[in-house]
Amino acid sequence: MTQMSRPAQPSHDGHDGEFEFWRNHAQISLQPVAAPSILGLFGYAAATFVVATNLAGWYGNTATPTFLFPFAAMLGGLAQFLAGMWAYRARDGLATAMHGIWGAFWLSYGLLYLLISIGVLVQPTPFVALGFWFAALAAITWSGAFAALADNIGLTLVLATLAAGATCLAVGQIADISPWRTAGAYILVASSVIAWYTATAMMLEGTFRRVILPIGKLRGPNVPGREPRQVIQFMAGEPGIKVGQ
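What counts, and where the lines are drawn
Residues numbered from 1 in each chain as written. Predicted model: local features only at pLDDT ≥ 70, side-chain atom pairs only at ≥ 80, totals over all residues. Heavy atoms only, no water. Axes fitted to C-alpha atoms, helices over the stretch in contact; angles between N-to-C directions. Helix = DSSP H or I, 4+ residues; strand = E, 2+ residues; numbered from the N terminus. Parallel < 35°, antiparallel > 145°, perpendicular 65-115°, else oblique. Left-handed = near helix turned anticlockwise from the far one by under 90°. Core = buried A, V, L, I, M, F, W, Y, C linked by side-chain atoms within 4.5 Å. Buried < 20%, exposed > 50% of the residue type's maximum accessible area, 1.4 Å probe, protein only. Contact = heavy atoms within 4.5 Å. Expected span 1.5 Å × (residues − 1). Polar contact = N/O pair within 3.5 Å; in protein donor to acceptor, adjacent residues only side chain to side chain. Nonpolar A, V, L, I, M, F, W, Y, C, P; charged D, E, K, R; others polar. Salt bridge = Lys/Arg side-chain N within 4 Å of Asp/Glu carboxyl O.

Looking at this model, I keep getting lost on the packing of helix α3 (residues 65-89) against helix α4 (residues 93-117). Mind explaining?
How two helices sit against one another is set out by the angle between their axes and by the gap between those axes. Axis separation between α3 and α4 bottoms out at 7 Å; the angle between their running directions is 155 degrees. Between α3 and α4, the interaxial angle falls into the category roughly antiparallel. For the pair α3 and α4, the crossing hand works out as left-handed.

The structure is reproduced here in C-alpha cells:
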C-alpha cells in the first residue's frame, strides 16, 4: 500500500482555511483495481453467444433452454454482477450500471428456466412477459450506449448491438413475430463477438502494459504499442481505475 501526503500550507481564511488544512494533511491509500469489465464482458460474451445461437436456430430444440440456464446464470449472471460491483469500487458508473443490470437479468433468466424445468412454471407462447423484460433492458442499454460514446468505440458497439438485439427480441416476443426474434438473436451473436474482442483487448493491454488490439479509445492511447496512461486522482476523491485506462 502506497501513501501520499501534501505539505501543510497554513491559512487563515475561516472555513476555506480549515478545508485547506485537512486537504493538505490528508493521506491517500492507493488500492489498484483491475478493469472489472474484462470479467464482465467475457461473462456476457460467453452467455450471450451460447443462448443467442440457440435462439437463432443453430442448434438444440425447445427443451434446450433448460440445459442452458446454469451456464447463463453463472457466466452471464454471477460473473457479470460481480464485475458490476467491482466496477462500483473502481468508480466506473457505466460499467456498474451495464454489468449490474445485465448480470441481474441473466440471474433472473436462470431462475426462470430453473422453475420451468422443474415444472413450477409453464413457458407460454408467445412469451409476452419476457418481451417486456427485453423492452426495459433495451431502454436502459440504449442509454448506456450513448454514455459509452465518451469512452471508446468498442464498448459503444457492444452496448449498441446489445440494445438493438434486445429491442428486436422485445418486439418479437410481445407481438409473436418470429423473424424479429431471429433478427434479435443474430444481432446478439454479433454483440457477443464484439464483447469478446473488447475484453481480449483490455486483458492484453493489462498484461503487456501496452495497447495490442485497438478499441477506439476516445481518451488515452489507442495505437498498438503505446503504453496506457496511469491516472491518479486526488482532488476527485479515492483513486480508481476506469474501463479502458
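Would you mind showing me how to read the nonpolar core here?
When a protein is soluble and globular, its nonpolar side chains tend to lie buried together. Core analysis: the biggest nonpolar cluster contains 40 residues, and Trp-106 and Leu-159 have the highest contact counts within it. Those elements that provide at least two residues to this core are α2 (37-55), α3, α4, α5 (128-148), α6 (153-175) and α7 (178-208). Leu-159 has contacts with Leu-94, Met-98, Thr-141, Gly-144, Ala-145 and Ala-148, leaving out every residue within four places of it along the chain.

How do you make sense of unusual backbone geometry when you look at a structure like this?
When glycine is set aside, most residues are seen to have a negative phi, and most peptide bonds are trans. In this structure, the amide linkage connecting Thr-125 to the following residue, Pro-126, adopts the cis form with an omega of 0 degrees. Turning to its location among the elements, Pro-126 is positioned in the loop between α4 and α5. Even without being a glycine, Arg-91 presents a positive backbone phi close to 65 degrees. Arg-91 sits in the partly exposed class, given a relative accessible area of 36%. The residue Asp-176 is not glycine, and still its phi comes out positive at about 55 degrees. Tracing the chain through its elements places Asp-176 in the loop between α6 and α7. In this structure Asp-176 comes out as partly exposed when scored by relative accessible area, which is 39%.

Looking at this structure, I do not really get α6. What am I missing?
Helical geometry note: an α-helix holds 3.6 residues per turn, so side chains three or four residues apart project in the same direction. With 23 residues, α6 ought to run about 33 Å at 1.5 Å a step, and its terminal C-alpha atoms sit 33 Å apart, in line with that. Two or three places before Gly-154, at the opening of α6, Asn-152 has a side-chain oxygen 3.1 Å from that residue's backbone nitrogen. Backbone geometry just after α6 places Asp-176 at a positive phi near 55 degrees.

Just checking my understanding: could you explain α4 for this structure?
If you check α4, its first and last C-alpha atoms are 36 Å apart, about what 25 residues at 1.5 Å a residue would give, namely 36 Å. Directly after α4, the chain includes Gly-119, whose backbone phi takes a positive value near 85 degrees.

Mind showing me how you'd approach the packing of α6 against α7 here?
Between α6 and α7, the least distance of the axes is 8 Å, while the angle of their chain directions is 160 degrees. Between α6 and α7, the crossing angle belongs to the class labelled roughly antiparallel. Pair α6 / α7 crosses with left-handed handedness. Looking at the contact of α6 with α7 residue by residue, the class counts come to 15 nonpolar, eight polar and one charged.

Which parts of the structure should I look at to understand the pattern of salt bridges?
Applying the stated rule across the entire model yields two salt bridges. Between Glu-205 and Lys-217 there is a salt bridge, with its nearest N and O atoms 2.8 Å apart. Separated by 12 residues along the polypeptide, Glu-205 in helix α7 and Lys-217 in the segment after α7 bring together distant segments of the chain. Of the two residues, Glu-205 and Lys-217, neither departs from the other in class, the shared state being buried.

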